[in-house]
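# An overview of the molecular structure
Below are the chains, spelled out letter by letter.
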Amino acid sequence: MCGRYATTANPARLAAELDAIDETGDGPDTTPNYNVAPTNHVLTVTEGHGNSESDERPRLRIRRMRWGLIPFWTKAAEPGVPVKGKPLFNARADKAATTASFRDGVKKRRCLVPMDGWYEWLVEGQTDKGKAIKQPYFMSPADGSRLYMAGLWSTWRDSGHPELDPVLSCTILTTDAIGELAKIHDRMPLPMPREHWDAWLDPTHPAPAELLETPPLEWISDIVARPVSPLVNSVRNNGPELLADPTGANTGQAGQIHLI
């Protein structure tokens, strides 16, 4: 699964790098965030036409969305506010196409979620009182490059108040963990290599079935896991110190190590 991650992506810089349109506007700042949690507003990459007739081709667009997908058919608790439910921050890639909350996204609303890396917790013993000791690990590319994870998104509108702004939300797809990453957790977010972006983001066609399958090892060959500070255990903590090696060991510029 993926319930926490870190990102230092800046929307304007991201738009320049990807030749995309920055549609984040003046919303809540999301960068940098070393402890992204469900219900936070996060950056996403989508593809589509704009509102202008001059937009002859679809463009990549940087959008800010609530992490925790809100299905379009969700009822309103009060004007402009959807009924609260369990945050749908992850969706199983192998079941999303047949799950009511996600199948619309699989058909025509797919996105990418940029991140530096994600966190998982591994039980490494127990205390004298029998309580499990969970060590947080950070999974990220060894060269410090950015990851783009496959996601789905939704637009929710209050049908009783069409004059109110819609709510954009997203979820991150997960798949079976593979390679060394399976030693940390049995699930992992689904990475989407650049060569598959056109097929993945194209809103005019459903998601190719092969892109929802467990990926080949080469898709995660440059991702390594390393232990990080237990400060990440609390969502109140946020800063680069969360990525510090808890042992104090000097493991290089990025500090990544391979599990053994």
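The following refers to the structure shown. (Residues numbered from 1 in each chain as written. Predicted model: local features only at pLDDT ≥ 70, side-chain atom pairs only at ≥ 80, totals over all residues. Heavy atoms only, no water.)

## What to know about unusual backbone geometry
For Asp19, which is not a glycine, the phi torsion comes out positive at approximately 55°. Its place among the elements puts Asp19 in the loop between helix 1 (11–18) and strand 2 (21–22). The residue Thr39 is not glycine, and still its phi comes out positive at about 85°. Note that Thr39 resides in the loop between strand 3 (33–36) and strand 4 (41–48). (Helix = DSSP H or I, 4+ residues; strand = E, 2+ residues; numbered from the N terminus.)

## What to know about the nonpolar core
Ranked by size, the top nonpolar core spans 29 residues in total, and within it Leu18, Val45, Leu173 and Trp200 carry the most contacts. Those elements that place two or more of their residues in this core are helix 1, strand 4, strand 5 (59–67), strand 12 (147–156) and helix 3 (197–201). Not counting residues up to four positions away in its chain, the partners in contact with Leu173 are Ala91, Arg92, Ala93, Ala96, Ala150, Gly151, Leu152, Met188, Pro189, Leu190, Trp200 and Leu212. Ranked by size, the runner-up nonpolar core spans 26 residues in total, among them Met65, Val113, Met149 and Ile184. (Core = buried A, V, L, I, M, F, W, Y, C linked by side-chain atoms within 4.5 Å. Buried < 20%, exposed > 50% of the residue type's maximum accessible area, 1.4 Å probe, protein only. Contact = heavy atoms within 4.5 Å.)

## Here we look at the pairing of strand 4
Counting buried residues in strand 4 gives seven out of eight residues, a clear majority hidden from the surface. In the sheet, strand 4 pairs with strand 5 via eight bridges, with the strands oriented antiparallel. Along strand 5, the bridge assignment pairs Thr44 with Arg63. (Pairing = 2+ DSSP bridges.)

## What about the side chain of Ser169?
Residue placement: Ser169 occurs in strand 13 (residues 167–176). Ignoring sequence-local partners within four residues, the contact set of Ser169 consists of Met65, Arg66, Gly68, Leu69, Ile70, Leu152, Trp153 and Ser154.

## Description of the pattern of salt bridges
Applying the stated criterion across every chain yields a total of eight salt bridges. The salt bridge involving Glu23 is made with Arg61; its shortest N-O contact spans 2.7 Å. You can see Glu23 sitting in the loop between strand 2 and strand 3 and its partner Arg61 sitting in strand 5, a full 38 residues away along the chain. Across the salt bridge formed by Arg92 and Asp94, the nearest N and O atoms sit 3.2 Å from each other. Shared partners join several salt bridges into a network, and the residues in it are Glu23, Arg61 and Arg63. (Salt bridge = Lys/Arg side-chain N within 4 Å of Asp/Glu carboxyl O.)

## Details of the packing of aromatic side chains
Throughout the structure, instances matching the rule amount to five aromatic pairs. Note on Trp67 and Phe89: the rings are 5.8 Å apart at their centroids and 75° apart in plane angle, and the pair reads as edge-to-face. Taken together, the positions of Trp67 in strand 5 and Phe89 in the loop between strand 7 (81–82) and strand 8 (90–92) put the pair 22 residues apart, joining distant regions of the chain. Taken together, a centroid distance of 4.7 Å and an interplanar angle of 70° make the contact between Tyr148 and Trp197 edge-to-face. (Phe/Tyr/Trp six-rings, centres within 6.5 Å; stacked < 30°, edge-to-face > 60°.)

## Section: the environment of Met188
Mapped onto the elements of the fold, Met188 is located in strand 14 (residues 187–189). Classification of Met188 by relative accessible area gives buried; the value is 1%. With 41 residues separating them along the chain, Met188 and Ser229 place their C-alpha atoms 20 Å apart. Ignoring any residue separated from it by four or fewer positions in sequence, one finds Met188 in contact with Met1, Trp118, Leu173, Thr174, Thr175, Asp176, Ala177, Ile178, Leu181, Pro215 and Ile220.

## Considering the environment of Pro58
Along the chain, Pro58 falls in the loop between strand 4 and strand 5. Each C-alpha atom, one on Pro58 and one on Thr46, is 9.8 Å from the other, the two residues being 12 residues apart in sequence.

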